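Letter by letter, the chains look like this.
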Amino acid sequence: MSMVIQSFDNLHDNRVLRCCADFEAKTLHMDTRTEAGEKVAVRFTGLLAHWFENVIQDNILFGMDEITVDGFFQQYKDLLGVTISYSFPACCSIEELRKRMERERIRVFVIDSSLGLCGFVLAQEVELQCRSLPIK
């Protein structure tokens, strides 16, 4: 059984221009640009937590998948085993986190990298907006 619910193919090979979390508003916003110069804005709402590693100046995404909650706990078992004792992500035990994710309808978005930034976002919703940029 696959743990992938859906893939967001329009992020493949996009360069990350900026990423900003607003903890008060519970949002995370990421601006990206395709090789053709189109801007793709990614906006997560109902943000519970995010974890990124390998963040560098020129991050290039491989893509993003929404995976099952069970898949999340399986894929990130080792990381959670270390971080949960520091209340990351936002709970004191794996079971408490699982219950909170179910109660708040938190979804799991895994970001894969071609270069640099990769990790996951735990949020209720994601929206992608695509628009062309003027060529200069």
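Please refer to the structure placed before this passage.
Cut-offs used in this document
Residues numbered from 1 in each chain as written. Predicted model: local features only at pLDDT ≥ 70, side-chain atom pairs only at ≥ 80, totals over all residues. Heavy atoms only, no water. Pairing = 2+ DSSP bridges. Helix = DSSP H or I, 4+ residues; strand = E, 2+ residues; numbered from the N terminus. Phe/Tyr/Trp six-rings, centres within 6.5 Å; stacked < 30°, edge-to-face > 60°. Lys NZ or Arg CZ within 6 Å of the ring centre and 35° of its normal.

1. A few points about the pairing of strand β7 (residues 107–115)
If a strand is regular, its side chains alternate between the two faces of the sheet.
Part 1 of the argument: Where strand β6 (residues 60–67) lies against β7, 7 bridges are found, and the strand directions are antiparallel. Its bridge partner lying in β7, Met 64 is registered against Ile 111.
Part 2 of the argument: What sits between β7 and strand β8 (residues 118–123) in their antiparallel hairpin is a turn of 2 residues, with Gly 116 showing a positive phi close to 85°.

2. Things to note about the packing of aromatic side chains
Part 1 of the argument: Evaluated as defined, the whole model comprises 9 aromatic pairs.
Part 2 of the argument: What links up through ring pairs into an aromatic cluster is the set Trp 51, Phe 72, Phe 73, Tyr 76, Phe 88 and Phe 120.
Part 3 of the argument: Here the basic side chain of Arg 98 rests over the ring of Phe 73, its NZ or CZ set 4.2 Å away from the ring centre.

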